[in-house]
Amino acid sequence: QVQLVESGGGLVQPGGSLRLSCAASGSIFSIYAMGWYRQAPGKQRESVATIASGGSTYYTDSVKGRFTISRDNAKNTVYLQMNSLKPEDTAVYYCNRFPFGDWGQGTQVTVSS
C-alpha cells in the first residue's frame with residue numbers, strides 16, 4: 001500500500017528541462033522497482049523509464065539520451081530528469097512500483113512554444 005505523489009510538471013519550451021519527483025509513503029520503498037509512465041490524450045499509457053531496486057535502468061527508445069531516472073531510497077523518492085524536451089513528450093506523467101500498486105494523480109508536462 002504505497003501512496004505515490006508526483007510533482008514537478010509544468011509548461012516548458014521545446015529544448016527545456018524539468019525534473020519530476022515521486023514521493024512514496026505507506027510501505028517499504030527500497031525493495032520495489034519503480035517506474036515512470038506517461039499518457040497523452042488519445043494514446044495508451046506507456047512506460048518511460050524504470051529503475052530496479054538494484055539500480056539497473058530501462059528507457060523507452062524515444063527518451064534515451066534525454067531522460068534519466070534515479071532514486072533515493074533514504075528519501076523514498078524517485079526522480080525523472082527530463083532534458084531536451086520535445087512537444088511529443090507532452091503527457092500526464094505517473095510513477096508506480098513493480099508489481100503495480102494504485103496509480104496516483106500524476107503530474108502534467110506540457111512542452112510548447
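Just above sits the structure.
Computed from a prediction, not measured in an experiment: that's the story for all the values here. (Residues numbered from 1 in each chain as written. Predicted model: local features only at pLDDT ≥ 70, side-chain atom pairs only at ≥ 80, totals over all residues. Heavy atoms only, no water.)

Each helix and strand counted, the chain has zero helices and ten strands in total. Reading the chain from its N terminus to its C terminus gives the helix and strand order β-β-β-β-β-β-β-β-β-β. The C-alpha atoms of the chain give 13 Å as radius of gyration, which agrees with the globular expectation for 113 residues (13 Å, within 12%). Counting the 113 residues in the chain, one finds 40% classified as buried. In the chain, once contacts between residues fewer than 6 apart in sequence are set aside, the share between residues at least 24 apart is 52%. On the chain, roughly 6000 Å² of surface is accessible, and the fraction owed to carbon and sulfur atoms is 48%. Computed over 10 positive and 7 negative side-chain charges, the separation of the two mean positions in the chain equals 3 Å. (Helix = DSSP H or I, 4+ residues; strand = E, 2+ residues; numbered from the N terminus. Rg over C-alpha atoms; globule rule 2.2 N^0.38 Å. Buried < 20%, exposed > 50% of the residue type's maximum accessible area, 1.4 Å probe, protein only. Contact = heavy atoms within 4.5 Å. Areas by Shrake-Rupley, 256 points an atom, 1.4 Å probe, with all protein chains shown as cover. Lys, Arg positive; Asp, Glu negative; His and termini not counted. Charge placed at Lys NZ, Arg CZ, Asp CG, Glu CD.)

Of the two faces of strand β10 (residues 107-111), only the one carrying T107, V109 and V111 is buried; Q108 and T110 on the other face are not. With three bridges connecting them, strand β9 (residues 91-98) and β10 associate as antiparallel partners. Bridge pairing in β10 places V92 opposite Q108. (Pairing = 2+ DSSP bridges.)

Bringing the sheet that holds strand β3 (residues 18-25) into the picture now. As a general point, the strands of a sheet are linked pairwise by backbone hydrogen bonds and lie either parallel or antiparallel. What the four strands build is an open sheet, ordered β1-β3-β8-β7; its pairing is antiparallel. The sheet is open, and its two borders are formed by β1 (3-7) and β7 (67-72), each paired with just one other strand. On average, each strand axis in the sheet is tilted by 15° relative to the strand beside it, whichever way the strands run. Sheet analysis places β7 next to strand β8 (residues 77-82), joined by six bridges and oriented antiparallel. Looking at β8, one finds that T68 is bridged to Q81. (Axes fitted to C-alpha atoms, helices over the stretch in contact; angles between N-to-C directions.)

Formed by 28 residues in total, the largest nonpolar core has its most connected members in W36, V78, L80, M82 and Y93. Per-element accounting of this core gives the leading share, four residues, to β3. With residues near it in sequence (within four places) discarded, M82 still touches G16, S17, L18, L20, R66, F67, Y93 and V109. (Core = buried A, V, L, I, M, F, W, Y, C linked by side-chain atoms within 4.5 Å.)

Let us now look at the sheet that holds strand β6 (residues 57-59). In space, the six strands of this open sheet follow the order β2-β10-β9-β4-β5-β6, with mixed pairing throughout. Every other strand in the sheet has two partners, leaving β2 (10-12) and β6 as the edge strands with one partner each. Between one strand axis and the next, the sheet turns by 25° as a mean value, whatever way the strands run. With five bridges joining them, strand β4 (residues 33-39) and strand β5 (residues 46-51) adopt antiparallel strand pairing. Residue Y37 lies in a different strand from β5, and its bridge partner there is S47.

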